[in-house]
Every structure is written in structure tokens, then in C-alpha cells.
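# A structural walkthrough
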Amino acid sequence: MQIEPDILSEAAKLITLCKAKGEMIATAESCTGGLIAGGLTAVDGSSSVVDCGFVTYSNEAKHGLIGVAQELLDKHGAVSEPVAIAMAEGALARAPLATMAIAVTGIAGPGGGSEEKPVGLVHLACAGNDRPALHRRRVYDGDRHAVRKATILEAYDMLSEMAGKSK
């Protein structure tokens, strides 16, 4: 499978940084469907940095696999800051070797958006051992491919930021 060159380049930079910092990554992906992990594992040497990935597209998977509280899903909806943070924290807690986890949940389109939660809205969260969680809310322009690609690159950026905070 061909991964776009800019995604591969950013993934390689992240892998190098994580090796140097002794970080291991877990992913919890909804709207990207495993593409964050896929980009990372396309890089030679990624096995020393990538622990595991959870594709939690449905609310049931978010709850059952990574422990997102049903009350959060009911109150805020899957595409929200509290759910993104719970996804990251849940993935980190369930990944045997991970020291940090990235989570993404959003509306990639073309349908599914609303006035409150438009197409292109993505919540990203990163959790790390002994570090405060990071959260970003983004509304990306473009089609489904553009939204997912922008999300992948933003996720790599957040993981790099979190790795920079390690001891």
C-alpha cells in the first residue's frame, strides 16, 4: 500500500524522536480508521515505537474496547473533547507497553455533520504517562480524504509535542 510521502516523512520523524526518548505509542482511532497507525507502521523500525492500535469507529467499540464511559458518549456525543480525552486515556491504560496514546474522533464527511458539529470537525487528544493530556479541536476544509489526511498529520504533531515533554 502506498502511503503519501508527506505522511511517511512526518511518521519517520516521529519514530526517530520516540526512539530517542524511549516512547511507545498506542492509537485510538475513529474517523481515521487505523490510518495513523498505518502510517507509523509503514516506517522501517516502527516496531520499536508502536505498541498497538484500536479502531473504535462505533460508540460500542469506544466503550467496550477502550473504556469510554457510556455517560460521556450519551451526554457529549462521540465527537467531543471529553470523549477524545477518554479515548486517549483508555487506550494508554489498555496498551501493555505504551507510554503515550493519541486519539481522534470526528466527522470526515461528506455527510453526518450538523450546525453544532460540522463536517470536518475533529477532536484530537494525546495522553502520556505522568503528563497532562493534550486536546485540539479542529475544523478541516476539504473532502473526506483531506480531513483524514489533516487529522493524521495533526496527530503526529501532537505525539511529537507529548514526546518532547518526556523526561
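Residues numbered from 1 in each chain as written. Predicted model: local features only at pLDDT ≥ 70, side-chain atom pairs only at ≥ 80, totals over all residues. Heavy atoms only, no water.

Under the annotation held in an unreviewed UniProt entry, the protein chain carries the name Nicotinamide-nucleotide amidase and is attributed to Thalassospira xiamenensis.

### Notes on the sheet that holds strand β5 (residues 131-139)
Reading across the sheet, the 5 strands line up as β2-β1-β3-β4-β5 and stay open at both edges, with mixed pairing between neighbours. Both edges of this open sheet fall to β2 (50-55) and β5, since each of them pairs with a single strand only. Sheet twist, expressed as the average angle between the axes of neighbouring strands with direction ignored, equals 10 degrees. Each of β1 (25-29), β2, β3 (100-106), β4 (121-128) and β5 touches helix α5 (residues 81-94); the most contacted strand, β4, lies at about 35 degrees to it. With respect to the sheet, helix α6 (residues 144-164) is in contact with β1, β3, β4 and β5, its orientation differing from that of β5 by roughly 160 degrees. (Pairing = 2+ DSSP bridges. Helix = DSSP H or I, 4+ residues; strand = E, 2+ residues; numbered from the N terminus. Axes fitted to C-alpha atoms, helices over the stretch in contact; angles between N-to-C directions. Contact = heavy atoms within 4.5 Å.)

### Quick look at the state of the cysteines
Under the criterion given, the structure shown has 0 disulfides. Note on Cys-52: no disulfide assigned, nearest cysteine sulfur contributed by Cys-126 at a separation of 14 Å. (Disulfide = S-S within 2.5 Å.)

### Some details on the pattern of salt bridges
In a structure, side chains of opposite charge can pair up when their charged atoms sit close to one another. Following the criterion strictly, the structure yields 8 salt bridges and no others. We note a salt bridge from Lys-149 to Glu-4, for which the minimum N-O separation is 2.7 Å. In this pair, Lys-149 is assigned in helix α6 and Glu-4 in the segment before α1 (5-21), connecting sequence segments 145 residues apart. Judged by its relative accessible area of 26%, Glu-4 falls in the partly exposed class. (Salt bridge = Lys/Arg side-chain N within 4 Å of Asp/Glu carboxyl O. Buried < 20%, exposed > 50% of the residue type's maximum accessible area, 1.4 Å probe, protein only.)

### Brief notes about the pairing of β2
Here β1 pairs with β2 via 5 bridges, running parallel. The partner of Thr-27 across the bridge, within β2, is Gly-53.

### What about the nonpolar core?
One broad rule of soluble globular proteins: the nonpolar side chains tend to lie buried together. Counting residues in hydrophobic clusters, the biggest one holds 30 residues, and the most contacted among them are Ile-25, Leu-40 and Tyr-156. Sorting the residues of this core by element identifies α1, α2 (35-41), β3, β4 and α6 as the ones contributing at least two each. Of the residues forming this core, the biggest block, 8 residues, is contributed by α6. When neighbours within four sequence positions are excluded, Leu-40 is seen to be in contact with Ala-11, Leu-14, Ile-15, Ile-25, Ser-46, Val-50 and Tyr-156. Counting 20 residues, the second-largest nonpolar core is a separate cluster that includes Phe-54, Leu-73, Ala-91 and Ala-125. (Core = buried A, V, L, I, M, F, W, Y, C linked by side-chain atoms within 4.5 Å.)

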